[in-house]
Amino acid sequence: MDDFHSIYAQGFVRIAACTPRCAVADPVFNLGETLALAREGDRRGVALMVFPELGLSAYSIDDLFGQQTLLDAVEDSLAELAAASRELAPLLLVGAPLRREGRLYNCAVAVHRGDILGVVPKTHLPTYREFYEKRWFASGRGLAGLEIAVAGRTVPFGTDLLFADATRPGFVVHSEICEDVWAPAPPSDFGALAGATILTNLSASNIVVGKADTRRLLCATQSGRCWAAYVYAAAGPGESTTDLAWDGQACIYELGATLCESERFPTGPGMIVADVDVERLLLERQRTGTFDDAAQLHAAPERRFRRIAFDYQAPAGDIGFERPVDRFPYAPDDPARLDEDCFETFNIQVQGLVKRLEASGVRRLCIGVSGGLDSTHALIVAARAYDLLGWPRADILGFTLPGFGTSEETRRNAWGLMRGLGITGEEIDITPLARQMLADLGHPFARGEAVYDVTFENVQAGLRTDLLFRAANQRSGMVLGTGDLSELALGWCTYGVGDQMSHYNVNASVPKTLIQHVIRWVVGAGLFDAATNAVLTSVLQTVISPELVPASDAGDLQSTEDKIGPYALHDFTLYHLTRFGLRPSKIAFLAHRAWSDAAAGHWPPGYPAAEHRAYDLATIKRWMELFLRRFFANQFKRSALPNGPKVTTGGSLSPRGDWRAPSDASARAWLDELRRHVPDDAAPPAHASDATPAKPMTR
């Protein structure tokens, strides 16, 4: 627990991509600039620092690469850098031209704690358009198992080097240089397959119009395809502008998503920093068999690589967190991403229902319309599906089924929605049937006692579903389910003859925290008329409630979140647990970073300001414990799910898809891990990043 707030204890590694100022053909100046940034990185707890291609000499020096004076000065600077690094913790990757056996190589040099660990030569040497590297350099293609004499020592040399932290699993670094990543089958492909989780690129890469976007695409794609982080550092201010210009672009990606990117065209030195989740990268590779298939296809590259060990001494305690964390992993706070996600979510649901209706030959739908969030969303999906099919909306049969806890507000919204959409609406009061069943069961409520237990609630939930199925039998229809992913995760649904069951469920893999944004998107997209949109807006403002218990004397409705906790926290846990398999304590760490300060970071557009809440660590831990208990105990409900389309990259809980689990598994290991490693203190974290990540690649 003492290490709970430490990023290194939580499986992160702090990385920096550096853009120092340089002077053309002046290794002494360039060494000073490199060391200045290295010392800053050391102060900030950085473990790996990546510098530009040929940074100690400058890239744009042309035939000066053939001058012995220049090359000697570079080696002198490397020797000084190695000596100065004794007092610095980070692993440094710097660019330098180095001689070996009468050839000159464009190299990445790994320096750590007074040692030069190894030298990696560039494989692909561009000699086209503005590039002329083969005039000066030899390619490192095929060079493996070799050594090089540099700065007074003999060190490993070749394209077969990985640099691995001896004490921190997953902190394994591969290095390639500029053009290498622009070529088919870049060296980093094989470095990743050999075990590297952090792929680095020391680049010069002059700038022309549109090139920055190409670099972003290359880096994002490489990090996504290799299940890795990709760190790119390009040359910036100080390179020669005789015929070229330089923008100093630096960026860090993880699994296809942007962690951070530098300001381009800087006038001075710069450094971007991000905390890479190497633990998650290992889990993702482990959980995705394709990665190992690719490694085996290429004859297990790990057999051909040498691992050079180093020992990074991580700082203790809370050093902040240099990484964006979405409060709502299913509903991003970037407006463009959220708009696209809502568009895709809604249309995936509509497409799934259209296909099911066409395949079944059924032209009528029976749906329970409560006036709440989930049934409202399912109904507008159905209305859109009927529009696309060219079928009359009157063939959608909506039933409002008021019980003991139904409020006038939700009943009014239900009828307003059914009338506005032009479906066939009907009301069946279930209270007489419920009273009779409770009396037959000898329930205390039938004797006038205010006992509102699970039986009381489930009698109503079961009757509603029973009536819907019987109406579907009677009217040749199909029951459309409305329960969402969040409820399925918590088991907050009535099994069998209850809201757990339907003929088809369009909401089955849509979490509660996304549904409200999709409804808001539907209103903004103008898919329905103004009167319907007004009802949809009213539904968004309604307290989430099953409405199975009568209102209190003060008029307060039954609140789902008061009983089982905030859906915002539950969806956060659900996403990180099922999508990535993270430890509960790590999920709590991330949740604390995301939720500890309501004023920090960003909120999704349209999210009501009154709902901007913060949660301390004790609260996060308490509700996560409840989530874990319910999640494992209610697997049997998910093992018998009706069909429904997968919607988000977060996955579904279908036993035929993303989540296949035994119904009798124990939650003990997860609960024990949570209790052992998460303290009960509510101290706020030192820092939470405000950066907004780009949309990740999907699988």
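These lines cover the structure that appears in this document, whether it is placed above or below. (Residues numbered from 1 in each chain as written. Predicted model: local features only at pLDDT ≥ 70, side-chain atom pairs only at ≥ 80, totals over all residues. Heavy atoms only, no water.)

### A word on the overall build of the protein chain
The number of helices and strands found in the protein chain is 20 helices and 20 strands. Principal-axis analysis of the C-alpha atoms places the extent of the protein chain at approximately 100 × 55 × 45 Å. Taking all 699 residues of the protein chain together, 58% fall into the buried category. Carbon and sulfur atoms form 51% of the exposed surface of the protein chain, whose accessible area is close to 26900 Å². (Helix = DSSP H or I, 4+ residues; strand = E, 2+ residues; numbered from the N terminus. Buried < 20%, exposed > 50% of the residue type's maximum accessible area, 1.4 Å probe, protein only. Areas by Shrake-Rupley, 256 points an atom, 1.4 Å probe, with all protein chains shown as cover.)

### What about the pattern of salt bridges?
Inspection of the entire model under this criterion finds 39 salt bridges. Here Asp213 ties to Arg216 by a salt bridge, and the two come within 2.4 Å at their closest N and O atoms. Of this pair, Asp213 and Arg216 both sit in helix 4 (residues 211-225), separated by three residues, roughly a single helical turn. For Arg216, a relative accessible area of 22% corresponds to the partly exposed category. Residue Arg593 pairs with Asp318 through a salt bridge whose shortest N-O separation is 2.9 Å. Residue Arg593 is located in helix 17 (residues 584-595), and its partner Asp318 is located in the loop between strand 15 (306-310) and helix 7 (335-360); the two are separated by 275 residues in the primary sequence. In the salt-bridge network here, residues are joined through shared partners; they are Asp277, Glu279, Arg583, Lys586 and Glu673. (Salt bridge = Lys/Arg side-chain N within 4 Å of Asp/Glu carboxyl O.)

### A word on the nonpolar core
Counting 137 residues, the largest nonpolar core has Phe163, Ile198, Ile252 and Leu353 as the members making the most contacts within it. Ranked by residue count, the leading element in this core is helix 8 (residues 373-389), at ten residues. Ignoring any residue separated from it by four or fewer positions in sequence, one finds Phe163 in contact with Leu91, Ala110, Leu117, Gly118, Val120, Phe171, Val172, Val173, Ile308 and Phe310. Counting 51 residues, the second largest nonpolar core, distinct from the first, contains Leu35, Leu56, Val109 and Leu143. (Core = buried A, V, L, I, M, F, W, Y, C linked by side-chain atoms within 4.5 Å. Contact = heavy atoms within 4.5 Å.)

### Describing the pairing of strand 16 (residues 364-368)
Counting buried positions along strand 16 gives four out of five residues, so the element sits mostly inside the fold. The sheet contact formed by strand 16 and strand 19 (residues 477-481) spans three bridges and is parallel. Counted as the bridge partner of Cys366 is Val479 from strand 19. Taking the sense of rotation as the criterion, the β-α-β connection linking strand 16, helix 8 and strand 17 (residues 396-400) turns out right-handed. (Pairing = 2+ DSSP bridges. Right-handed = clockwise from strand over helix to strand, strands pointing away.)

### Some points on the packing of aromatic side chains
Evaluated as defined, the whole model comprises 34 aromatic pairs. Feature note: the residues Phe328, Trp595, Trp603, Tyr607 and Tyr615 constitute an aromatic cluster, connected by ring pairs. A cation over a ring is seen here: Arg280 above Phe580, with NZ or CZ 4.3 Å from the ring centre. The ring centre of Phe12 lies 4.5 Å from the NZ or CZ of Lys586, which sits over that ring. (Phe/Tyr/Trp six-rings, centres within 6.5 Å; stacked < 30°, edge-to-face > 60°. Lys NZ or Arg CZ within 6 Å of the ring centre and 35° of its normal.)

### A look at the side chain of Gln222
Note that Gln222 resides in helix 4. Here the side chain of Gln222 touches Arg225 through a polar contact of 2.7 Å, side chain to side chain. Setting aside anything within four residues of it in sequence, one finds Gln222 in contact with Val181, Pro186, Ser188, Asp189, Leu199 and Tyr230. (Polar contact = N/O pair within 3.5 Å; in protein donor to acceptor, adjacent residues only side chain to side chain.)

### Overview of the sheet that holds strand 10 (residues 198-202)
Read from one edge to the other, the open sheet built from seven strands follows the order 13-12-11-10-9-8-15, with strand pairing classed as mixed. A single partner strand is all that each edge strand has here, and the edge strands are strand 13 (257-261) and strand 15. When the angles between neighbouring strand axes are averaged without regard to direction, this sheet yields 25°. Pairing geometry for strand 12 (residues 250-254) and strand 13, over four bridges, is antiparallel. (Axes fitted to C-alpha atoms, helices over the stretch in contact; angles between N-to-C directions.)

### Focus on helix 16 (residues 567-580)
Over its 14 residues, helix 16 extends 19 Å from the first C-alpha to the last, a length consistent with the 20 Å expected when each residue adds 1.5 Å. Counting buried residues along helix 16, 14 of its 14 residues qualify, which places the element largely inside the surrounding structure. Once helix 16 ends, the next one or two residues include Gly581, with phi positive near 70°. (Expected span 1.5 Å × (residues − 1).)

### Let's talk about the packing of helix 9 (residues 408-421) against helix 14 (residues 530-540)
Packed helices, taken two at a time, are described by the angle between their axes plus the distance between the axes. Where helix 9 contacts helix 14, the two axes come as close as 9 Å, and the packing angle between them is 150°. With respect to their mutual orientation, helix 9 and helix 14 come out roughly antiparallel. For helix 9 against helix 14, the interelement crossing comes out left-handed. Residue-level inspection shows Glu409, Asn413, Gly416, Leu417, Gly420 and Leu421 of helix 9 in contact with helix 14, the latter providing Thr532, Val535, Leu536, Ser538 and Val539. (Parallel < 35°, antiparallel > 145°, perpendicular 65-115°, else oblique. Left-handed = near helix turned anticlockwise from the far one by under 90°.)

### Re the sheet that holds strand 18 (residues 424-427)
Within the open sheet, the five strands sit side by side as 18-17-16-19-20. Their pairing is parallel. Only two strands of the sheet have a single partner each, and these edge strands are strand 18 and strand 20 (504-505). Where strand 17 lies against strand 18, four bridges are found, and the strand directions are parallel. Bridge pairing in strand 18 links Thr400 to Glu427. Across the face of the sheet, helix 7 comes into contact with strand 16, strand 19 and strand 20 while running at roughly 155° to strand 19.

### Section: the packing of helix 8 against helix 13 (residues 512-525)
For the pair helix 8 and helix 13, the least separation of the axes is 10 Å and the interaxial angle reads 50°. By the angle class used here, helix 8 and helix 13 are oblique. Between helix 8 and helix 13 the crossing geometry is left-handed. From helix 8, Leu373, Asp374, Thr376, His377 and Ile380 reach across to helix 13, where they touch Lys512, Ile515, Gln516, Val518, Ile519 and Val522. For the contact of helix 8 with helix 13, a count of residues per class yields six nonpolar, three polar and two charged. (Nonpolar A, V, L, I, M, F, W, Y, C, P; charged D, E, K, R; others polar.)

### With respect to the side chain of Gln349
With respect to the element layout, Gln349 can be found in helix 7. A polar atom in the side chain of Gln349 sits 2.9 Å from the backbone oxygen of Val506. Apart from the residues within four sequence positions on either side, Gln349 is in contact with His377, Val381, Val506, Asn507, Val510, Pro645 and Val647.

### Considerations on the environment of Gly224
Within the element layout of this structure, Gly224 appears in helix 4. Residue class for Gly224 comes out buried when judged on its relative accessible area of 0%. Note: C-alpha distance between Gly224 and Leu255 (31 residues apart in sequence) is 4.2 Å.

### Things to note about helix 4
Between its first and last C-alpha atoms helix 4 spans 21 Å; for 15 residues at 1.5 Å apiece the expected length is 21 Å, and the two agree. Among the residues of helix 4, those classed as buried are Lys211, Ala212, Arg215, Cys219, Ala220, Gln222, Ser223 and Gly224. Looking at the buried side of helix 4, the elements it contacts are helix 3 (187-193), strand 10, strand 11 (229-233) and strand 12. Looking at the residues trailing helix 4, positive phi occurs at Trp227, about 50°.

### What to know about the state of the cysteines
Counted according to the given criterion, the structure contains zero disulfides. Residue Cys18 stays outside any disulfide, its sulfur separated by 11 Å from that of Cys260, the closest cysteine. Residue Cys18 is classed as buried on the basis of its relative accessible area of 0%. (Disulfide = S-S within 2.5 Å.)

### A word on the environment of Thr465
Checked against the element boundaries, Thr465 lands in helix 11 (residues 454-474). A sequence separation of 31 residues divides Thr465 from Ala434, and the C-alpha atoms of the two residues are 13 Å apart. Within polar-contact distance, the side chain of Thr465 engages the backbone nitrogen of Asp499 at 3.3 Å.

Any functional reading would require information beyond the geometric quantities listed.
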